[in-house]
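# Inside the fold
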Amino acid sequence: MSAPLRPRPSPVDLLAAQLGDAAGAAIELERPNDAAHGDYATNAALRLAPVRRTPPRELAQELARLAAALPGVERAEVAGPGFVNLWLGDAWFEETLGAILDDGSDFGGASAPQRERVQVEMVSANPTGPITVAAARNGAYGDSVARLLEFAGHDVEREYYYNDAGTQMERFRASVDAVRRGEEPPEDGYRGDYVAELARAGGDPVPAMLAQIEATLERFRIHFDGWALQSELERRLPELLPRLDTYEREGATWARSSAYGDEQDRVVIRSKGRPTYRAADVAYLEDKLARGFDRAIYVLGADHHGTRNWYGAVARMLGQDPARVEVLLYQLVHLTRGGEVTKMSKRRGDVVTLDEFVDEVGVDAARWYLVSRGADQTIEIDVDLAAEKTQKNPVYYVQYAHARIAGILRNAGEAEVSAHATHSLAPEERELVKRLAEFPPLVAEATERRAPHSIPYYAIQVADDFHRFYHEHRVLESDAQAFRLALCRATQRVIARCLDLVGVEAPERM
RNA sequence: GCGCCCGUAGCUCAGCGGAAGAGCGACGGCCUUCUAAGCCGUGGGUCGCAGGUUCGAAUCCUGCCGGGCGCGCCA
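Reading the values: the criteria
Residues numbered from 1 in each chain as written. Chains lettered and ligands numbered in written order. Predicted model: local features only at pLDDT ≥ 70, side-chain atom pairs only at ≥ 80, totals over all residues. Heavy atoms only, no water. Salt bridge = Lys/Arg side-chain N within 4 Å of Asp/Glu carboxyl O. Buried < 20%, exposed > 50% of the residue type's maximum accessible area, 1.4 Å probe, protein only. Phe/Tyr/Trp six-rings, centres within 6.5 Å; stacked < 30°, edge-to-face > 60°. Helix = DSSP H or I, 4+ residues; strand = E, 2+ residues; numbered from the N terminus. Near = heavy atom within 4 Å. Polar contact = N/O pair within 3.5 Å; in protein donor to acceptor, adjacent residues only side chain to side chain. Nonpolar A, V, L, I, M, F, W, Y, C, P; charged D, E, K, R; others polar. Pairing = 2+ DSSP bridges. Axes fitted to C-alpha atoms, helices over the stretch in contact; angles between N-to-C directions.

## Overview of the pattern of salt bridges
Under the counting rule described, the total for this entry stands at 44 salt bridges. A salt bridge links Asp-287 to Arg-291; the nearest nitrogen and oxygen atoms lie 3.2 Å apart. Here Arg-291 falls in the partly exposed class, since its relative accessible area comes to 32%. In this structure, the salt-bridge partner of Arg-449 is Glu-445, at a minimum N-O distance of 2.6 Å. Exposure remark for Arg-449: the relative accessible area of 57% places this residue in the exposed category.

See the structure below:
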């Protein structure tokens, strides 16, 4: 690990710190929902009241007096049970916009307290068929988390781990072989057009399937730095398994994982002698940590939640720090047709593939949609309505704001850009500056909580504020041109960053 | 039976201790001006139910109801 990163404090943080110093207590400033409650507000008086044994409104009066004396603060008022509402002067907004512009495209980044080497393992679907929309959520979520971590200053590698050795793969190969012999695939095998295509192509269908999966994910703007094979990792089991706490029962070898934080013990060697997928997990985790990753992140669907504590248990059994292992769970994607839930099975070949979905709605709308919901939220997609719905996808609203700004900046040419205003700021300008100032804490929290879905929601708000500003005020050839160009540029950078963090393009024209 | 996740506007979902929101849908306005993929307005919610903690609960705790997922040799 290298030296701590040092993002510079935002003007809002500085203001809060100044007020905190004056008051002798930690102060947090929030943007009130209601514009009548000022530019920023704090509930510090309500929090301090019990500690200082003073009525909250009395404390609030004192805070308001201190706040009003700070530079940049126009006035401060006590409201409700003890909130302090602050109104800021134009100079504060100009200074804030100037600070945002100074940071350039790094604005909001480098929030990590320590730089880490992080591996994000994601998707990792068995190469028994094309990537489905359901698996694509894993990629959309995992890749956005990876992008957030990179933006925060970490060194991130994305990896795909695939099973080329297990039962499912045997069934898959048997299915292709059956088709080649002109027979039906086995009862528990795989079917679908892609199986027939692989049969025609000849050779081992697994590498061919894998190549197709990689192409699909590249198209989905997810690039993997590495690919791990189960069969290779299994070779190291003879040296690794003795390091585990194991026992024999019913002819199988079990890991005593329940003694290390897991809910239950797990079979690592079947009674018939073959290692399980869980055994390969052990080799893989050992491998990840040995490669020097400070943190190994697993992105797993909710159908795997039963094993969420297994990985940490493995780390403990191997004598490693379980804090280096992190499991991110996301709820499943349910697909419906015409409002009716259909259980789609990869084996039956009736799934909706990511390629089909992207053909229908485009990469931008697909990624936006899959990452816009909280990971804890089940996603329902009506396949029949997907295309129609995505015409109204808010991603276009955000992209449109970006393209509009790009148009203005194109037309502006070499005109002066300055955060210094020569006019009295309009409400739309002030709102937009405040919105942009929210970005650093928002993106830092999204990273910390592994919650990329807050980025699209924030981007919609930025676009909303910009469209309103655009509608009310002319930029070029206005008496506030230099300031408004500065506002446009800062807004464009923030929108572009938000779009990039969720893997969506920021168009110059639409 | 046990574990995890979810129940907020007609629909899809944010918010997760501080003064109820967005998109879509519905209804009504706004283009000779930097892109109308835009803007403005109207209507719409006992935040599943019941207790508890708190000055304050959609947010925390408990119970219940409803839905999803899972529960030792598939992955």
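## Digging into the packing of aromatic side chains
Counted according to the given criterion, the structure contains 17 aromatic pairs. Ring centres of Phe-466 and Phe-469 lie 5.9 Å apart, and the angle between their planes is 50°; on these two criteria the pair is classed as tilted. Here Phe-466 and its partner Phe-469 are both found in helix H19 (residues 454-472), three residues apart, which amounts to about one turn of the helix. Residues Phe-466 and Phe-469 agree in their burial class; the two are buried.

## Some thoughts on the protein's contact with RNA strand B
In the neighbourhood of RNA strand B, 61 residues make up the surrounding shell, with Arg-270, Tyr-277, His-305, Tyr-400 and Arg-404 lying closest. Near-protein atoms of RNA strand B (within 4 Å) split between backbone and bases, with sugar and phosphate holding 65%. Note that a sugar or linking oxygen of RNA strand B is positioned 2.9 Å from one of the side-chain N or O atoms of Arg-270. When contributions to the surface near RNA strand B are tallied by element, the ones reaching two or more residues are helix H2 (44-52), strand S3 (83-88), helix H6 (167-180), strand S8 (252-255), helix H11 (277-290), strand S14 (379-382), helix H16 (394-412) and H19. Among the residues making up the surface near RNA strand B, the classes are represented as 21 nonpolar, 21 polar and 19 charged.

## Some points on the sheet that holds S3
In space, the three strands of this open sheet follow the order S1-S3-S2, with antiparallel pairing throughout. In this open sheet, the two strands that pair with only one neighbour each are strand S1 (40-42) and strand S2 (73-79). For this sheet the average axis-to-axis angle between neighbouring strands, irrespective of direction, equals 20°. Pairing of S2 with S3, which is carried by six bridges, proceeds in the antiparallel orientation. Of the residues in S3, the one forming a bridge with Ala-79 is Phe-83.

Just geometry here; none of it tells us what the structure is for.
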